[in-house]
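Coordinates in review
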Amino acid sequence: MLHGTDAFPYCTIRRYGGEHAAHAHDHAQVLVGLEGRMELEVDGRPAFVDATCGIVIPAGARHGYLALPGARFCVVDAPPQPGTDRLRRFAVPPGARRQLGRLAAGPHGEGEGDGSGGVGRGEMQAGPGMWTAPIAHGVQVAAQLQALWAQAPRILARRALPLERLQQAVEAALHEPWPTARMAALCHLSPQRFHARWLELAGATPQAWLRGLRLDAAERRIARGQRLEDAALACGYGTASALATALRRERGTGARGLRRAVE
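A brief look at the structure comes next. (Residues numbered from 1 in each chain as written. Predicted model: local features only at pLDDT ≥ 70, side-chain atom pairs only at ≥ 80, totals over all residues. Heavy atoms only, no water.)

**Re the overall build of the protein**
Per the secondary structure count, the protein includes nine helices and nine strands. The proportion of buried residues among the 263 residues of the protein is 46%. The long-range share in the protein, meaning contacts at least 24 apart out of those at least 6 apart in sequence, stands at 73%. Surface exposure of the protein reaches about 13400 Å², of which carbon and sulfur atoms provide 56%. (Helix = DSSP H or I, 4+ residues; strand = E, 2+ residues; numbered from the N terminus. Buried < 20%, exposed > 50% of the residue type's maximum accessible area, 1.4 Å probe, protein only. Contact = heavy atoms within 4.5 Å. Areas by Shrake-Rupley, 256 points an atom, 1.4 Å probe, with all protein chains shown as cover.)

Shown next as structure tokens:
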């Protein structure tokens with residue numbers, strides 16, 4: 001069902017989980033990834049959309065999909081028009097992704113996803129395994145995205161990065177060194193290619209992501225009462241002083257503040 005008028009596209013933030021049988025719409029649909037990845041089959045052709053790209057599904061095209069819980073997308077329902085008459089995947093620049101992320105977290109959006117699959121703020125269940133939330137100024141946002149998909153370069157299919165497996169491996173051994181080459185090896189990519197793919201997908205370098213994981217884990221340990229020295233060693237910092245400096249620099253807090261926050 002088309003959410004806008006017959007003349008104008010309209011967009012919402014939607015969250016998907018699970019496998020859904022093939023179906024078709026009388027309007028074109030454009031999905032731009034915010035979080036996670038969706039595997040699709042569109043008129044018998046394999047396709048995907050993740051946080052680096054968008055995809056145009058023409059009106060009348062039969063499409064089924066599989067998405068892990070928590071996958072979030074900006075979805076545009078648009079009347080058939082030039083640029084939506086064929087299946088194509090297009091690049092979404094980091095700046096446009098950041099703008100969409102801010103809109104998704106706005107007062108009329110669902111807020112930031114946590115990957116848990118739980119119901120987000122302002123969401124309504126639109127069907128089995130699908131939730132939708134309004135987006136502020138949806139018609140105007142859809143018009144901006146329309147300009148994007150009309151001009152953005154097409155991108156080719158590629159193997160998905162095993163994000164969940166990588167995060168599990170890193171979190172299980174935070175006390176060990178994790179150079180980019182080690183992470184790349186787990187993804188069967190060269191360090192250079194892995195760095196480029198990660199930067200494109202996450203908008204941050206692999207080492208910046210790693211620092212975030214280390215600090216998240218350290219904050220949890222300290223808040224539970226663990227000594228700063230022990231938390232530092234468990235999370236990959238050589239000394240308590242190094243961890244304390246990182247917490248002040250990147251999180252604006254210290255061990256005392258973390259413990260007070262849970263008292």
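**Brief notes about the pairing of strand 3 (residues 38–42)**
Every second residue of strand 3 is oriented toward a common face, the buried set being Met38, Leu40 and Val42 and the non-buried set Glu39 and Glu41. As paired strands, strand 3 and strand 4 (residues 45–49) are joined by five bridges and run antiparallel to one another. Counterpart to Glu39 in the pairing with strand 4 is Phe48. Hairpin geometry of strand 3 and strand 4 is characterised by an intervening segment of two residues between the two adjacent antiparallel strands and by a positive phi of about 50° at Asp43. Relative to strand 6 (residues 63–78), strand 3 is paired through five bridges, and the arrangement is antiparallel. Of the residues in strand 6, the one forming a bridge with Glu41 is Gly64. (Pairing = 2+ DSSP bridges.)

**A short note on helix 8 (residues 240–251)**
With 12 residues, helix 8 extends 16 Å between its outermost C-alpha atoms, agreeing within 8% with the 16 Å of an ideal straight helix rising 1.5 Å per residue. Listed in full, the buried residues belonging to helix 8 are Ala240, Leu243, Ala244, Ala246 and Leu247. One side of helix 8 carries all its buried residues, which in axial view fall inside an arc of 160°. Exposed side of helix 8, more than 90 degrees from the buried face: Ser241, Arg248 and Arg249 are the residues found there. (Expected span 1.5 Å × (residues − 1). Arc of directions from axis to C-beta.)

**So, the nonpolar core**
Residues Leu166, Val170, Phe194, Ile222 and Leu243 are the most contacted members of the largest nonpolar core, which totals 32 residues. When residues in this core are grouped by element, the largest group, seven residues, is from helix 6 (residues 206–223). Those residues in contact with Leu166 that lie beyond four places of it in its chain are Met183, Leu186, Cys187, Phe194, Trp198 and Trp209. Grouped together as the second largest cluster of nonpolar side chains are 19 residues, Val42, Ala47, Ala67 and Ala71 included. (Core = buried A, V, L, I, M, F, W, Y, C linked by side-chain atoms within 4.5 Å.)

**Considering the packing of aromatic side chains**
In this description, an aromatic ring pair is defined by two values, namely the gap between the centres and the angle between the planes. Evaluated as defined, the whole model comprises four aromatic pairs. Between Phe194 and Trp198 the ring centres are 5.7 Å apart and the planes differ by 35°, which places this aromatic pair in the tilted class. Placement of both Phe194 and Trp198 in helix 5 (residues 191–202) is noted, with a separation of four residues, approximately one turn of the helix. Through a chain of ring-to-ring contacts, three or more aromatic side chains come together here, namely Tyr16, Tyr65 and Phe73. Directly above the ring of Phe48 sits Arg37, whose terminal nitrogen or CZ lies 4.0 Å from the centroid. Positioned over the ring face of Trp178 is Arg182, at 3.6 Å from the centre of the ring. (Phe/Tyr/Trp six-rings, centres within 6.5 Å; stacked < 30°, edge-to-face > 60°. Lys NZ or Arg CZ within 6 Å of the ring centre and 35° of its normal.)

**A look at the packing of helix 6 against helix 8**
Viewed as axis vectors pointing N to C, helix 6 and helix 8 meet at an angle of 110°, and their least axial separation amounts to 11 Å. Classified by the angle between their axes, helix 6 and helix 8 sit roughly perpendicular to one another. Between helix 6 and helix 8, the residues in contact are Arg211, Gly212, Leu215, Asp216, Ala218, Glu219 and Ile222 and Leu243, Ala246, Leu247, Glu250 and Arg251, respectively. Residues that form the contact of helix 6 with helix 8 fall into these classes: six nonpolar, one polar and five charged. (Axes fitted to C-alpha atoms, helices over the stretch in contact; angles between N-to-C directions. Parallel < 35°, antiparallel > 145°, perpendicular 65-115°, else oblique. Nonpolar A, V, L, I, M, F, W, Y, C, P; charged D, E, K, R; others polar.)

**Some details on the packing of helix 3 (residues 163–171) against helix 6**
For any two helices packed against each other, one specifies the crossing angle of their axes together with the interaxial distance. Contact geometry for helix 3 and helix 6: axes closest at 11 Å, N-to-C directions at 55°. Accordingly, the angle class assigned to the pair helix 3 and helix 6 is oblique. For the crossing formed where helix 3 meets helix 6, the hand is right-handed. Contact residues: Leu166, Gln167, Val170 and Glu171 in helix 3; Trp209, Leu210 and Leu213 in helix 6. Of the residues contributing to the contact of helix 3 with helix 6, the split by class is five nonpolar, one polar and one charged. (Left-handed = near helix turned anticlockwise from the far one by under 90°.)

**Quick word on the pairing of strand 8 (residues 124–127)**
In the sheet, strand 8 pairs with strand 9 (residues 130–134) via three bridges, with the strands oriented antiparallel. Across the sheet, Gln125 pairs through a bridge with Trp131, a residue of strand 9. In this structure, the hairpin formed by strand 8 and strand 9 is closed by a connection of two residues, where Gly129 is found at a positive phi of approximately 70°.

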